[in-house]
Amino acid sequence: MIDSMKPTAFISLLAFSGAVLCSCAENATAEPAVKDVFGDKFLIGTALNVRQSNELDSMGVKIVKQHFNNIVAENCMKSEEIHPQRDTYFWDDADRFVEFGMKNNLVVSGHCLIWHSQLAPWFPYDDNGNYVSADTLKQRMRDHIYTVMRRYKGKVKGWDVVNEAILDDGSYRVSPFYEIIGEEFIPLAFQYAHEADPDAELYINDYSMANKGKRDKYVEIVNDLKKRGLRIDAIGMQGHMGLDYPELSEFEKSIEAFASTGCKVMITEWDMSALPTVNRGANVADRVEFEKQMNPYPDGLPEDVSEVWNNRMEQFFELALKHSDKISRINFWGVSDGDSWKNNWPMAGRKEYPLLFDRNYEMKPFMKKLIEKYSAV
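Residues numbered from 1 in each chain as written. Predicted model: local features only at pLDDT ≥ 70, side-chain atom pairs only at ≥ 80, totals over all residues. Heavy atoms only, no water.

Focus on unusual backbone geometry
- For the bond from Y245 to P246, the omega torsion is -10 degrees, close enough to zero to count as cis.
- Among the structural elements, P246 can be located in the loop between β6 (234–241) and α11 (248–259).
- The residue after W345, namely P346, is reached through a cis peptide bond having omega 5 degrees.
- Checked against the element boundaries, P346 lands in the loop between β8 (327–332) and α14 (365–375).
- Positive phi values are uncommon outside glycine, yet E55 reaches one of about 60 degrees.
- Looking at the element boundaries, E55 is found in the loop between α3 (50–53) and α4 (58–67).
- A positive phi angle is found at S208, which is not glycine, with a value near 55 degrees.
- Along the chain, S208 turns up in the loop between β5 (201–206) and α10 (212–227). (Helix = DSSP H or I, 4+ residues; strand = E, 2+ residues; numbered from the N terminus.)

Here is the structure:
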């Protein structure tokens, strides 16, 4: 115990610990930057939490500055955070996020304007808790989009205007926007966004974009927006993946299909679960067995699983490089494994390993391999 150590021994221990930390920092600095190797192909970005944009996570900030040239806000620009009450906006965290990007010469992406989840609770309701009229919701959408986009005009390169509007089978998600306004809520959102900031790029974004039903529907929607003369610059394919989904070939089909609309493609929110896909219906009555299935690697990822994970990540990144003429941005959804939203969900204590850097801020092997390969070209 430290209390029983002699002063000289304690000082030596501190010196040794400091040397190790310095060594890690020096290694991180010497490591080739991802953005320097691949930044001529597409933007290399990451999502920031408020600790990072407020510069409280020193190692996370160091990684961001060294390896990325683009940032997107994980939560602080979503309507429940930035517009918590009808007549109240909370700008502090979003302002600091944008200022962090500007100060560090990072391209700033806005996420997101219209989304059914993490929606400000008041947004679609009247004072009696009933849905507002279509005209009222349109006005609220317009006011929200105008206010947020105009505050950051000239600072945010582009925005996820509509997020997660379509189900896997290609049908519209039954959200308050769809229930009150119908399909027109998407064109209206893009109209309002372009009016608010004519210079900003505008994106549509969703997950499971390798599914044919969703792929075909978004091609239809985007082509319709273009026929109407509305601006849309890119289609975001959220990269929430697992060891057994999606199929690489289907993901590639979606890249090609989306690019056929004339839009750029963005790989957004990229993380890959390293845990087995669990049948949630199995063993739910046996809590111990269920939690074991949900959290199989609480003490670290086994080497054989890590190898599978890294090989699959490498395959997807190589696919992006193959289609770099179509892809304008890749965003990892978090800086390090410890930041991931997948931790502690859907059960407390669940430990995940889905991102480019591990909990010690060490780069994963697949990216080291790719950097070495393409640095030599």
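There's plenty left to go through after this.
Some thoughts on the packing of aromatic side chains
- One pass over the structure, following the stated rule, counts 16 aromatic pairs.
- When the ring of F68 is compared with that of F357, the centres are 6.4 Å apart and the planes differ by 70 degrees; the resulting orientation is edge-to-face. Pair noted here: F68 is in the loop between α4 and β2 (70–73) and F357 is in the loop between β8 and α14, with a separation of 289 residues, a long-range link. Both residues of the pair, F68 and F357, belong to the buried class.
- With centroids separated by 6.0 Å and ring planes inclined at 75 degrees, the aromatic side chains of W91 and Y152 adopt a geometry described as edge-to-face. (Phe/Tyr/Trp six-rings, centres within 6.5 Å; stacked < 30°, edge-to-face > 60°. Buried < 20%, exposed > 50% of the residue type's maximum accessible area, 1.4 Å probe, protein only.)

Side note on the sheet that holds strand β7 (residues 264–272)
- A barrel is described by the order of its strands in space; here eight strands give the closed sequence β1-β2-β3-β4-β5-β6-β7-β8, paired in parallel fashion. The mean angle between the axes of side-by-side strands here comes to 25 degrees, regardless of whether they run parallel or antiparallel.
- Looking at chain direction, strand β4 (residues 158–163) and β5 are connected through five bridges and run parallel. If you follow D160 over to β5, its bridge partner there is Y203.
- Contacting β1 (43–48), β6, β7 and β8, helix α13 (residues 303–322) crosses the sheet at an angle of about 170 degrees to β7. (Pairing = 2+ DSSP bridges. Axes fitted to C-alpha atoms, helices over the stretch in contact; angles between N-to-C directions. Contact = heavy atoms within 4.5 Å.)

Some details on the pairing of β4
- Of all six residues making up β4, six are buried, and the element is well covered by its neighbours.
- Taken together, the five bridges between strand β3 (residues 107–115) and β4 define a ladder with parallel strand orientation. Across the sheet, residue W115 finds its bridge partner in β4, namely N163.
- Note on the crossover from β3 through helix α7 (residues 134–151) to β4: the handedness is right-handed. (Right-handed = clockwise from strand over helix to strand, strands pointing away.)

Some points on the packing of α13 against α14
- Here α13 crosses α14 at 40 degrees, and the two axes come no closer than 8 Å. Compared by their axis directions, α13 and α14 come out oblique. Note that α13 runs across α14; the crossing there is right-handed. Across the interface between the two elements, W309, N310, M313, E314, F317, E318 and L321 of α13 pack against P365, F366, M367, K369, L370, K373 and Y374 of α14.
- Residues of the contact of α13 with α14, tallied by class, amount to nine nonpolar, one polar and four charged. (Parallel < 35°, antiparallel > 145°, perpendicular 65-115°, else oblique. Left-handed = near helix turned anticlockwise from the far one by under 90°. Nonpolar A, V, L, I, M, F, W, Y, C, P; charged D, E, K, R; others polar.)

With respect to the confidence of the model for the protein
- Per-residue confidence for the protein averages 91 on the pLDDT scale, and 90% of its residues sit at or above 70.
- Counting interchain partners and residues more than four positions distant, the pLDDT-below-50 stretch residues 1–29 has eight contacts. (pLDDT = per-residue confidence, 0-100.)

Considering the packing of α11 against α13
- Contact geometry of α11 with α13 gives a least axis separation of 11 Å together with a crossing angle of 25 degrees. If you check the angle between α11 and α13, you find them roughly parallel. Like other packed secondary-structure pairs, α11 and α13 cross with a definite hand, here right-handed. Contacts from L248, F251, E252 and I255 of α11 reach α13 at Q315, F316, L319 and K322.

Points about the pattern of salt bridges
- Using the criterion set out here, one finds 23 salt bridges in the structure.
- Its salt-bridge partner being K157, residue E201 comes within 3.7 Å of it at the nearest N-O pair. Placement of E201 in strand β5 and of K157 in the loop between α7 and β4 is noted, with a sequence separation of 44 residues between them.
- Looking at K157, the relative accessible area reads 39%, which means it is partly exposed.
- Note that K212 is salt-bridged to D216, the shortest N-O span being 2.6 Å. (Salt bridge = Lys/Arg side-chain N within 4 Å of Asp/Glu carboxyl O.)

What to know about helix α6 (residues 92–103)
- With 12 residues, α6 ought to run about 16 Å at 1.5 Å a step, and its terminal C-alpha atoms sit 16 Å apart, in line with that.
- Listing the buried residues of α6 in full gives D93, A94, D95, F97, V98, F100 and G101. (Expected span 1.5 Å × (residues − 1).)

Some words on the side chain of R312
- Positionally, R312 belongs in helix α13.
- With residues up to four places along the chain from it excluded, the contact list for R312 reads G242, L243, D244, Y245, P246 and M272.

Considerations on α7
- Over its 18 residues, α7 runs 26 Å from end to end, which matches the ideal 26 Å to within 8%, given 1.5 Å per residue.
- Every buried residue of α7 is accounted for by L137, R140, M141, H144, I145, Y146, V148 and M149.
- Those residues of α7 that are buried lie in contact with α5 (79–82), β3, β4, α8 (176–181), α9 (185–196) and β5.

Let's talk about the environment of D36
- The topology assignment puts D36 in helix α2 (residues 34–38).
- Residue classification places D36 among the exposed positions, given a relative accessible area of 61%.
- Counting along the chain gives 339 residues from D36 to S375, while the straight-line C-alpha distance between them is 9.3 Å.

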